[in-house]
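# Examining the three-dimensional arrangement
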Amino acid sequence: MESLRIKSLFSSLVLFVLVSRPTLSSAASLGINYGQLGDNLPQPTDVIPLINSIGATKAKLYDANPQILSAFANTGIEFMVAIGNNLLSSMGDPQQALTWVKSNVQTYLPATKITGIMVGNEVLTLNNAELSNNLVPAMKSVYAALVSLGLDKSINVTTAHSLDIMGSTYPPSAGAFKQDYKVYMQAILSFHVQTGSPFYINMYPFFAYKSSPSDIDLNYVLFEPNNGFVDPTTKLLYDNMLFAQIDAVYSAITLLGYKGVSICESETGWPSKGDADEVGATLDNAAKYNSNLIKLVAQNKVTPLGSSLDIYIFALFNENMKPGQTSERNFGLFQPDKMPVYPVTSVRLTDGVTVSSSAVERYNSLILLFFCIASIAFL
């Protein structure tokens, strides 16, 4: 009788351990911004192995370049195409939006894996009322075009913002959008909730460090070991600036009453060269920033508030025709001759799942308990 009771207990423990496995959820992803402001860039077909070499599975364009989209057919690399700010007014017309989607998206499917359409770039912070007022109507028209073509389930519609839309980012729990943009943000966030599309924002810790190098620990912005800081409200520890910025945006979205909107980093990177006043723009810092970031993505790390890393590194190439300071032409991972600007960590993403460390610890404890009781049961 005692033997049967022990066997029953043993069977129950087996079931308990099996059903107590940590839950798996969707993981981080690594993308690359494929800019084309250079007169010496390689042919698109020569770019495919470069993207594969860093473990990126996605690429983002600033247009819908037909040569690139055709070249990447049957590669499995996901593409985000873009509608320029100059087209926002015309995209408000449903018929013109439909024509654009047919010509620049549908024609390449399904061979080329287009999964997103970026409508405008950093529109709100241009402080152009006409562009800002045209943004959401354009997004809605493009989405309606996808619906009419039966493509809305596989392609999302979004727009990319500058971090300058934020009025407050420190501490992350106090994140808030600037008052001037709140009306626009509410309309944009409502669109994201209705369509299930992500909120994209460009984040550059480099620029924060460049403006205040004496006040910011370089290790903190480069994902190197440092003491970090504890958010006084949430009591969460932040040991890098990018995570703090992401969670500040999450707090800003929550403050406006929106939940369930995922945040994606449409641009982030570090320049390998800069002008004399561009503190921190060095080869070593760029290598550390991008290599450490790729490692974090590959390890499926999440921010303290739980946002996964959906990252597009800026940029694929050093582009010699970009205007501005020297840094603007030196964000690339590769030179136009396809040689790496510096060694970059190449880590393949794991199986597309992430497990929290606390869940793993609980599971390991259960395993230990299981074997202890099992040993007793068979004595």
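Residues numbered from 1 in each chain as written. Predicted model: local features only at pLDDT ≥ 70, side-chain atom pairs only at ≥ 80, totals over all residues. Heavy atoms only, no water.

- For the protein chain, the name recorded in an unreviewed UniProt entry is glucan endo-1,3-beta-D-glucosidase, with Castanea mollissima as its organism.
- Taken verbatim from the UniProt record of the protein chain, the Sequence similarities (unreviewed entry) comment is "Belongs to the glycosyl hydrolase 17 family."
- What UniProt states about the protein chain under its Catalytic activity (unreviewed entry) heading is, verbatim, "Hydrolysis of (1->3)-beta-D-glucosidic linkages in (1->3)-beta-D-glucans." (UniProt positions renumbered as here; feature names shortened; annotations may be inferred.)

### Some points on the overall build of the protein chain
- The helix and strand tally for the protein chain stands at 12 helices and 14 strands.
- Considering only intrachain contacts with a sequence separation of at least 6, the fraction spanning at least 24 residues in the protein chain is 73%.
- Entry remark: accessible area of the protein chain is about 17500 Å², with carbon and sulfur atoms responsible for 55%. (Helix = DSSP H or I, 4+ residues; strand = E, 2+ residues; numbered from the N terminus. Contact = heavy atoms within 4.5 Å. Areas by Shrake-Rupley, 256 points an atom, 1.4 Å probe, with all protein chains shown as cover.)

### Observations concerning the sheet that holds strand E3 (residues 58-60)
- Pairing within the closed barrel is parallel, and its eight strands lie in the order E2-E3-E4-E5-E6-E9-E12-E13. On average, each strand axis in the sheet is inclined to that of its neighbour by 25°, with strand direction left out of account.
- Bridge count for E3 against strand E4 (residues 78-83) is three bridges, and the pairing is parallel. From the neighbouring strand, Lys60 faces E4, where its bridge partner is Met80. (Pairing = 2+ DSSP bridges. Axes fitted to C-alpha atoms, helices over the stretch in contact; angles between N-to-C directions.)

### With respect to the nonpolar core
- Core analysis: the largest hydrophobic core is formed by 102 residues, its most contacted members being Phe72, Ile117, Val119, Phe177 and Phe199.
- A per-element tally of this core places helix H10 (residues 241-255) first, with nine residues. (Core = buried A, V, L, I, M, F, W, Y, C linked by side-chain atoms within 4.5 Å. Buried < 20%, exposed > 50% of the residue type's maximum accessible area, 1.4 Å probe, protein only.)

### Section: the side chain of Thr159
- Tracing the backbone through its elements, the reader meets Thr159 in strand E6 (residues 156-162).
- Residue classification places Thr159 among the buried positions, given a relative accessible area of 1%.
- Side-chain polar atoms of Thr159 contact the backbone oxygen of Gly120, separated by 3.3 Å. (Polar contact = N/O pair within 3.5 Å; in protein donor to acceptor, adjacent residues only side chain to side chain.)

### Focus on the environment of Gln186
- Relative to the helices and strands, Gln186 is located in helix H7 (residues 182-195).
- Along the sequence, Gln186 and Ile253 sit 67 residues apart, while their C-alpha atoms lie 8.9 Å from each other.
- Those residues in contact with Gln186 that sit more than four places away from it in its chain are Leu256 and Tyr258.

### Some remarks on the pattern of salt bridges
- Following the criterion strictly, the structure yields six salt bridges and no others.
- In this structure, the salt-bridge partner of Glu328 is Lys322, at a minimum N-O distance of 3.4 Å.
- Using a relative accessible area of 14% as the deciding quantity, one classes Lys322 as buried. (Salt bridge = Lys/Arg side-chain N within 4 Å of Asp/Glu carboxyl O.)

### What to know about the pairing of E6
- Judged by how many residues are buried, E6 sits mostly within the fold: six of seven residues are covered.
- Sheet topology places strand E5 (residues 113-121) next to E6; four bridges connect them, and they run parallel. From the neighbouring strand, Gly116 faces E6, where its bridge partner is Asn156.
- Taken together, E5, helix H6 (residues 129-148) and E6 form a β-α-β motif whose crossover is right-handed.
- Sheet analysis places E6 next to strand E9 (residues 199-202), joined by three bridges and oriented parallel. Following the sheet pairing, Ala160 is matched in E9 by Tyr200. (Right-handed = clockwise from strand over helix to strand, strands pointing away.)

### Description of the packing of helix H5 (residues 94-104) against H6
- Between H5 and H6, the shortest axis-to-axis distance is 8 Å and the interhelical angle comes to 60°. Judged on the interaxial angle alone, H6 and H5 are oblique. When you trace H5 past H6, the crossing you get is right-handed. For the pair formed by H5 and H6, the contact residues are Pro94, Ala97, Leu98 and Val101 on the first element and Ser141, Val142, Ala145, Leu146 and Ser148 on the second.
- Grouping the constituent residues of the contact of H5 with H6 by class yields seven nonpolar, two polar and no charged. (Parallel < 35°, antiparallel > 145°, perpendicular 65-115°, else oblique. Left-handed = near helix turned anticlockwise from the far one by under 90°. Nonpolar A, V, L, I, M, F, W, Y, C, P; charged D, E, K, R; others polar.)

### Quick look at the packing of aromatic side chains
- Taken as a whole, this structure holds 20 aromatic pairs when the rule is applied.
- Aromatic pair Phe177 and Phe199: ring centres 6.2 Å apart, planes at 45°, arrangement tilted. One end of the pair, Phe177, is in strand E8 (residues 176-177); the other, Phe199, is in strand E9, with 22 residues separating them in the sequence. For the residue pair Phe177 and Phe199, the accessibility class agrees, reading buried in each case.
- Ring-pair connections join several aromatic residues into one group, and the members of that group are Tyr204, Phe206, Phe207, Tyr209, Phe223, Trp270, Tyr289, Phe314 and Phe331. (Phe/Tyr/Trp six-rings, centres within 6.5 Å; stacked < 30°, edge-to-face > 60°.)

### Observations regarding the pairing of strand E12 (residues 263-268)
- Counting buried residues in E12 gives six out of six residues, a clear majority hidden from the surface.
- Pairing of E9 with E12, which is carried by four bridges, proceeds in the parallel orientation. In the strand pairing of E12, Asn202 is matched with Glu267.
- Bridge count for E12 against strand E13 (residues 310-313) is two bridges, and the pairing is parallel. When the sheet's bridge partners are listed, Thr268 is paired in E13 with Ile313.
- Between E12 and its parallel partner E13, the chain crosses via helix H11 (residues 283-298), and the hand of that crossover is right-handed.

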